[in-house]
Amino acid sequence: MPASPLYAAARHWNYTQKEGIHMNLNQLRYVIKVAETGSINRAASNLFISQSVLSTSIRNLENELGHEIFIRSSKGIEITPYGRIFLSYITPIEQQLQLLDGFLYRERTPSNQTLSVVSSGFPFVTHICANLYQKYVEDGLHIKQQENFGSEAMSMVSNQLADVGVVRLWDCYQSVYKRQFESMKLEFHPIVALNIAITVGPNNPLFEHDQEYVAPDMLSDYPMVLYDYMDTGPFSDINRRLNLKSSSSRISTSSRAAIYEAIAYTDAYYLNSDYSVCPYFEMDGNMRYLPQRTLRLKDCGIKSVIGWIKRTDHPLSPVAQEMVGMFYEYLAVDDSPEILAEDW
């Protein structure tokens, strides 16, 4: 979408460090968009600017910083280690500017109610937001649905960029998550614990597997596709914990769409959850953008826990409480909420 009035006003504002580095807010926005899309062409298209303007702006910023943010090659764009650190600093700035711009917009065009939710791209969240829109369409409801993953989704709730977050956690990392919740002043409310599964597309021979489960050693010839936050750091040993021995190749991304496109066009598999126990997924489980099949991981003692988070000191609005109630309606199975509440 075109730049907001806030960005249009801010484009002339320069941030000057003691070392004499000058950067404007548009440059930060450009870096984030290129990192999101992985392409100068796609980023320029999404930003409604020319490729040459975008490329020159980022190159000028890199020259100012004295470090490359992106590596450019015939295969596309890859973010450098320096670029990843730089991105971690500027992303909250851009998010805060979006929040401020949203506040200014709401003051100009007030709505009776607002609702902001971040999730890892769960389809049921979109379905719930659509239902809430239909219910309150006459009264006015501003819904902001956002997509982010891992600690980034938690940070958005912690920084009050979202009222509610919907996250999936592996229960083998429970102690790590608890420390994160405490440091970010978050409450986690588990809803359901699901079996671990893998999802494949038609280019993987397991797509035609005659069982509803796979053993870990059956995956040794195929690469895993996973989110960036699981590629390094405290969650990167998930393969060892699950006794998975993937091929030496792997695909990591920050995009949910890229994951499902990867398993559609390659023989890669995605570490997923077995949603077959949830009524919502039994009802709508065939609604797919691309052909895929999910198979339960055999003899796996680790569970995938789906729940919601909020800031400890931030009370939920009535409409946010209604949305949370719909999470339970869509996901909860008979005894999971009570059992999980004791464990977490």
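Residues numbered from 1 in each chain as written. Predicted model: local features only at pLDDT ≥ 70, side-chain atom pairs only at ≥ 80, totals over all residues. Heavy atoms only, no water.

In the annotation of an unreviewed UniProt entry, the entry for the protein chain reads Transcriptional regulator, LysR family, and the organism field reads [Clostridium] asparagiforme DSM 15981. If you open the UniProt record of the protein chain and go to Sequence similarities (unreviewed entry), you find "Belongs to the LysR transcriptional regulatory family." (UniProt positions renumbered as here; feature names shortened; annotations may be inferred.)

Regarding the pairing of strand β7 (residues 164-170)
Here β7 lies mainly inside the structure; 7 of its 7 residues are buried. Two elements, strand β5 (residues 113-119) and β7, share 3 bridges in a ladder whose sense is parallel. Bridging from a neighbouring strand, valine 118 pairs with glycine 165 of β7. Relative to strand β14 (residues 303-311), β7 runs antiparallel, the two being bridged by 6 bridges. Counted as the bridge partner of arginine 168 is isoleucine 306 from β14. (Buried < 20%, exposed > 50% of the residue type's maximum accessible area, 1.4 Å probe, protein only. Helix = DSSP H or I, 4+ residues; strand = E, 2+ residues; numbered from the N terminus. Pairing = 2+ DSSP bridges.)

Here we look at helix α8 (residues 174-184)
Taken residue by residue, α8 has Gln174, Val176, Tyr177, Gln180, Phe181 and Met184 as its buried positions. Taken around the axis of α8, the buried residues stretch over an arc of 160°, which confines them to a single face. Away from the buried face of α8 by more than 90 degrees, exposed residues Arg179, Glu182 and Ser183 are located. (Arc of directions from axis to C-beta.)

Comments concerning the side chain of serine 116
Among the structural elements, serine 116 can be located in strand β5. The exposure class assigned to serine 116 is buried, which follows from its relative accessible area of 10%. A polar contact is formed between the side chain of serine 116 and the side chain of glutamine 146, at a distance of 3.0 Å. Each residue touching serine 116, except ones within four places of it in the same chain, is listed here: Lys144, Gln146, Leu161, Ala162, Asp163 and Val164. (Polar contact = N/O pair within 3.5 Å; in protein donor to acceptor, adjacent residues only side chain to side chain. Contact = heavy atoms within 4.5 Å.)

Topic: the packing of aromatic side chains
Per the counting criterion, the structure on display carries 9 aromatic pairs. Here the aromatic rings of phenylalanine 124 and phenylalanine 327 are separated by 6.0 Å at their centres, their planes lie at 85°, and the arrangement is edge-to-face. Note that phenylalanine 124 is positioned in helix α6 (residues 123-136) and phenylalanine 327 in helix α12 (residues 318-331), a separation of 203 residues in sequence. Per residue, the accessibility class of phenylalanine 124 equals that of phenylalanine 327, and both read buried. Measuring from ring centre to ring centre gives 5.8 Å for tyrosine 260 and tyrosine 270, while their planes differ by 75°; the resulting arrangement is edge-to-face. In this pair, tyrosine 260 is assigned in helix α10 (residues 256-265) and tyrosine 270 in strand β12 (residues 269-273), connecting sequence segments 10 residues apart. Looking at tyrosine 260, the relative accessible area reads 21%, which means it is partly exposed. Residue classification places tyrosine 270 among the buried residues on the basis of a relative accessible area of 5%. Grouping aromatic residues by their ring pairs yields a cluster made of Phe149, Tyr227, Tyr260 and Tyr270. (Phe/Tyr/Trp six-rings, centres within 6.5 Å; stacked < 30°, edge-to-face > 60°.)

Overview of the pattern of salt bridges
Considering all chains together, one arrives at 10 salt bridges under this definition. Across the salt bridge formed by arginine 59 and glutamate 62, the nearest N and O atoms sit 3.4 Å from each other. Separated by 3 residues within a single helix, arginine 59 and glutamate 62 lie in helix α4 (residues 51-65), roughly one turn from each other. With relative accessibility at 34%, the residue arginine 59 sits in the partly exposed group. Under the relative-accessibility criterion, glutamate 62 is labelled buried at 3%. A salt bridge links arginine 256 to glutamate 147, with the shortest nitrogen-to-oxygen separation between them at 3.6 Å. Of this pair, arginine 256 sits in helix α10 while glutamate 147 is found in strand β6 (residues 141-147), placing the two residues 109 residues apart along the sequence. On the accessibility criterion, arginine 256 (23% relative accessible area) is partly exposed. Owing to a relative accessible area of 39%, glutamate 147 belongs among the partly exposed residues under this scheme. (Salt bridge = Lys/Arg side-chain N within 4 Å of Asp/Glu carboxyl O.)

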